Amino acid sequence: MMRRFAGFSSTKAYEIFRSPVLYIILLVFLSATGSILTSRYYINLMFERVEAQYRQRIVSIATIARNAIEPIIVKVRTKEIGKDEAIRQIRTLVRNMTYTDQDGKNYVFMSSYKGVMLVQPYEPEREMTDQWLFKDVNGVYIVQGLIKTAREHPEGSFFRYTYYRTPDDST
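Because the structure is predicted, anything quoted here is derived from the model rather than measured.

## A short note on the overall build of the protein chain
Moving on, step 1. Scanning the protein chain from terminus to terminus reveals 4 helices and 7 strands.
Moving on, step 2. The linear arrangement of helices and strands in the protein chain, starting from the amino end, is β-β-α-α-α-β-β-β-β-β-α.
Moving on, step 3. Of the contacts made within the protein chain by residues no fewer than 6 positions apart, 37% connect residues no fewer than 24 positions apart.
Moving on, step 4. Carbon and sulfur atoms form 60% of the exposed surface of the protein chain, whose accessible area is close to 13,000 Å².

What follows is the structure, encoded as structure tokens:
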């Protein structure tokens, strides 16, 4: 006995499910889903690699800066020069640590653990001023975050904030 509902038989339903059109639609859907998932995986992998390279570049730059000022720090420890003279020498040295990379103009800056900006090559008016409450465009306290990260990870770590590289830059 075959049941009919509004002119639709179970035989027609069975034929629809065996239809090549349905298989093609299913195959297209599975192929598209597979392609999207695969491409997302490789895009994420690429972004992770790019970020790892970027972080390595930052580590290299920080290491160069640290190695450049180390002789001055040694002179302070051996009492060859005083703290004020060391800060003057370090500021002069680091102020010239600017470079251009694929992101444009960039630089090394330094602040004290008390939040005083010691060196800021592109904004010298900030030097020797209290930057403890300085925020980025998203409300993140830049100097506080950097100091907290430096204290919690003396071996080195990263802190993310948004800041224009130069005052006339909008990148």
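## Quick word on the sheet that holds strand 6 (residues 116-119)
Moving on, step 1. Read from one edge of the open sheet, 3 strands run 5-6-7, paired in antiparallel fashion. Each edge of the open sheet is held by one strand with a lone partner, namely strand 5 (110-111) and strand 7 (129-130).
Moving on, step 2. Where strand 5 meets strand 6, 2 bridges bridge the pair, whose relative direction is antiparallel. Residue pairing in the sheet places Met110 in a bridge with Val119 of strand 6.

## Here's the deal with the pairing of strand 4 (residues 104-107)
Moving on, step 1. When strand 3 (residues 98-101) meets strand 4, the two strands line up antiparallel, connected through 4 bridges. Following the sheet pairing, Tyr99 is matched in strand 4 by Asn106.

## Focus: the packing of aromatic side chains
Moving on, step 1. What the rule picks out here adds up to 4 aromatic pairs.
Moving on, step 2. When the centroid spacing of 6.1 Å and the interplanar angle of 55° are considered together, the rings of Tyr107 and Phe109 count as tilted.
Moving on, step 3. With relative accessibility at 10%, the residue Tyr107 sits in the buried group.
Moving on, step 4. Residue class for Phe109 comes out partly exposed when judged on its relative accessible area of 25%.
Moving on, step 5. Relative to Tyr122, the ring of Tyr107 lies with its centre 5.2 Å away and its plane at 85°, an arrangement referred to as edge-to-face. Here Tyr122 lies in the loop between strand 6 and strand 7 and Tyr107 lies in strand 4, a separation of 15 residues in the sequence.
Moving on, step 6. Owing to a relative accessible area of 26%, Tyr122 belongs among the partly exposed residues under this scheme.

## Thoughts on helix 4 (residues 142-152)
Moving on, step 1. Along helix 4, the positions that sit buried rather than exposed are Ile142, Val143, Gly145, Ile147 and Thr149.
Moving on, step 2. Tucked into the core, helix 4 has its buried residues touching strand 5 and strand 6.

## A look at a nonpolar patch on the surface
Moving on, step 1. On the surface, Ile43, Met46, Phe47 and Val50 cluster together into a nonpolar patch covering about 380 Å² of accessible area.
Moving on, step 2. For Val50, the position within the fold is in helix 2 (residues 20-77).
Moving on, step 3. For Val50, a relative accessible area of 45% translates into the label partly exposed.

The rules we used
- Residues numbered from 1 in each chain as written.
- Predicted model: local features only at pLDDT ≥ 70, side-chain atom pairs only at ≥ 80, totals over all residues.
- Heavy atoms only, no water.
- Helix = DSSP H or I, 4+ residues; strand = E, 2+ residues; numbered from the N terminus.
- Contact = heavy atoms within 4.5 Å.
- Areas by Shrake-Rupley, 256 points an atom, 1.4 Å probe, with all protein chains shown as cover.
- Pairing = 2+ DSSP bridges.
- Phe/Tyr/Trp six-rings, centres within 6.5 Å; stacked < 30°, edge-to-face > 60°.
- Buried < 20%, exposed > 50% of the residue type's maximum accessible area, 1.4 Å probe, protein only.
- Patch = residues over 30% accessible without salt bridge, like charges linked within 9 Å, V, L, I, M, F, W, Y side chains within 5 Å.
- Salt bridge = Lys/Arg side-chain N within 4 Å of Asp/Glu carboxyl O.

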